[in-house]
Amino acid sequence: MAYNDFNMDSHWLPFTPNRAFRKDPRVFVGADGMQFTTHDGRKVIDGISSLWCVGAGHRRLPINEAIKKQLDTLDYATAFQASNDQAFLAAEKIAGMAPGDLNKVLFCNSGSEAADTSLKVALAYHRARGEGHRNVFIGREKGYHGVGFGGMSVGGIPANRKVYGGALLPRVDHLRFMHDPANAYIHNQEPESQEDFLLELENRILPLHDPSNVAAIIVEPVAGSAGWYLPPKGYLKRLREICDKHGILLIFDEVITGFGRMGTNFGADYYGVVPDMLNFAKCVTNGVIPLGGVICRDKLYDAMMKTDAPEHVIEFFHGYTYSGHPVACAAAVATLDLYQKEGLFPRAGEMGKVLGDAFHSTFKGLPNVIGIRSLGLAAAVELAPRAGAPGKRAYDIFVDCFKKGALVRPAGDVVVIAPPYIVEKSDIDRLVNTLADSIKAHA
Ligand SMILES: Cc1ncc(COP(=O)(O)O)c(C=O)c1O
């Protein structure tokens, strides 16, 4: 199929340089397993699980069958004042996979909605306990929590914020970024840092706002969108302790680290730290149908149910038309069953070591390579920016890799590979060799 078979005048692409794209479009028309087919009939290997979503690989029959069956049984039902069987089944399954007493699932449709939902739960919970003055949120530099105004406000990627400054939430502060340049090269281990990145939280940020005013701290266990930056050893445990000390809720945004990427159910399991809320999306349905959510600890739900209001009064004024959509929830149940049946989370952990080995042995010493980080089934190679053109080198490499048949992910001047959990060593070799050729070609 030639791309002039469709008209490109109407679709405005998200997070894409549209002018460049129109001149040289990348359009998928089919996918199977690890591979896409493009509009011009080429095969492209999916090196990024299609935005960290497709853990089980593309076009998996058990998921597709479950969706078809659900469409023929109950296509949609109102989400407010009634529900559907699939939403209960999916919530039970998800809560069962989550650590500790993360037992109550609020569904939404995306990671952005999960971020805003979790911030609203935090405010409502504190208010329900008579601490409505707790309304300061703390995110982290380079954090990504989607594109809603709440998520953007606690997010810390400058380009995503700069145009919207006047409309961001007012009472927000940010933790320092937690990358130590001394740990430029990290392979399948937690970095050890001389620097204590949480001292500033304790010594400046909390005293400035007064901890009694802080509602929640939200972080990604591993900073995914920024370029796979790993927390130093002990960082998340200490963050948990600081939150506990001051009655502050800890939110893990696990939209990327959730459902297998770390070789475990969640990043919370990998790091042995239970947050008060855990946001998920993406891999929960293998990317097939939008679904997101927030898993809350019992205490949050219990506090909101403990109200003097009459029983007909809604306890939490929040939700989406498609919260717990039956087709999305049926897809989630089938996806999570499939991950389990095929042992895909442990496999992700194992293949992560293979990916990391390949990154470190292939890229170290190549021109402009200034760092390599691998943990879980994701690895990042950091490149020196072109003078005066930040992000251009990684963008050029991404475009070139695509032409060579590999989908990789540029993030600033970092290039990330995070393949589906079904990835084989031969796929990893193909991805890494293509990227290596491209890094050399863009020296
Ligand atoms: C950690 C994190 N949170 C939130 C989001 C936003 O998710 P969505 O694009 O589904 O709104 C993303 C997307 O990549 C993410 O990585």
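Our subject is the structure listed above.
If you're wondering where the values come from, they're calculated on a predicted model, not measured in any experiment. (Residues numbered from 1 in each chain as written. Predicted model: local features only at pLDDT ≥ 70, side-chain atom pairs only at ≥ 80, totals over all residues. Heavy atoms only, no water.)

Asker: I'd like a rundown of the sheet that holds strand 16 (residues 414-417), residues and numbers included.
Answerer: Spatial ordering of the open sheet is given by 7-12-13-16-15, a layout of five strands whose pairing is mixed. Two strands close off the open sheet at either side, each with one partner strand: strand 7 (185-187) and strand 15 (409-411). Averaged over neighbouring strand pairs, the angle between their axes works out to 20° when direction is ignored. (Pairing = 2+ DSSP bridges. Helix = DSSP H or I, 4+ residues; strand = E, 2+ residues; numbered from the N terminus. Axes fitted to C-alpha atoms, helices over the stretch in contact; angles between N-to-C directions.)

Asker: Give a description of the environment of L377 that names residues and reports values.
Answerer: Examined against the element boundaries, L377 turns out to sit in the loop between strand 12 (369-374) and strand 13 (379-383). Note on L377: relative accessible area 0%, which makes it buried. Along the sequence, L377 and E350 sit 27 residues apart, while their C-alpha atoms lie 8.0 Å from each other. Excluding its chain neighbours within four sequence positions, the residues that come into contact with L377 are R261, A348, M351, G352, L355, I417, A418, P419, P420, Y421 and V423. (Buried < 20%, exposed > 50% of the residue type's maximum accessible area, 1.4 Å probe, protein only. Contact = heavy atoms within 4.5 Å.)

Asker: Report on the pattern of salt bridges, specifying residues and quantitative values.
Answerer: Here the structure, examined in full by the defined rule, presents 27 salt bridges. The salt bridge partner of R129 is E131, with a shortest N-O separation of 3.1 Å. In this structure, a network of salt bridges that share partners links the residues D101, R240, D244, D276, R297 and K299. (Salt bridge = Lys/Arg side-chain N within 4 Å of Asp/Glu carboxyl O.)

Asker: Which residues make up the site of the ligand, and what are the values?
Answerer: Contacts to the ligand come from S110, G111, S112, Y144, H145, G146, E220, S225, D253, V255, I256 and K282. With respect to the ligand, the backbone of Y144 contributes an N or O atom lying 3.4 Å from a nitrogen atom. A total of 390 Å² of accessible area belongs to the ligand in isolation, and the protein chains cover 84% of it. A per-class count over the shell around the ligand returns three nonpolar, six polar and three charged. (Near = heavy atom within 4 Å. Polar contact = N/O pair within 3.5 Å; in protein donor to acceptor, adjacent residues only side chain to side chain. Areas by Shrake-Rupley, 256 points an atom, 1.4 Å probe, with all protein chains shown as cover. Nonpolar A, V, L, I, M, F, W, Y, C, P; charged D, E, K, R; others polar.)

Asker: Explain the environment of V273 to me, and be specific about the residues and the numbers.
Answerer: Mapped onto the elements of the fold, V273 is located in the loop between helix 10 (267-271) and strand 10 (277-280). Considering only alpha carbons, one finds V273 and L239, 34 residues apart in sequence, at a separation of 9.4 Å. With residues near it in sequence (within four places) discarded, V273 still touches L236, K237, R240, L250, F252 and A268.

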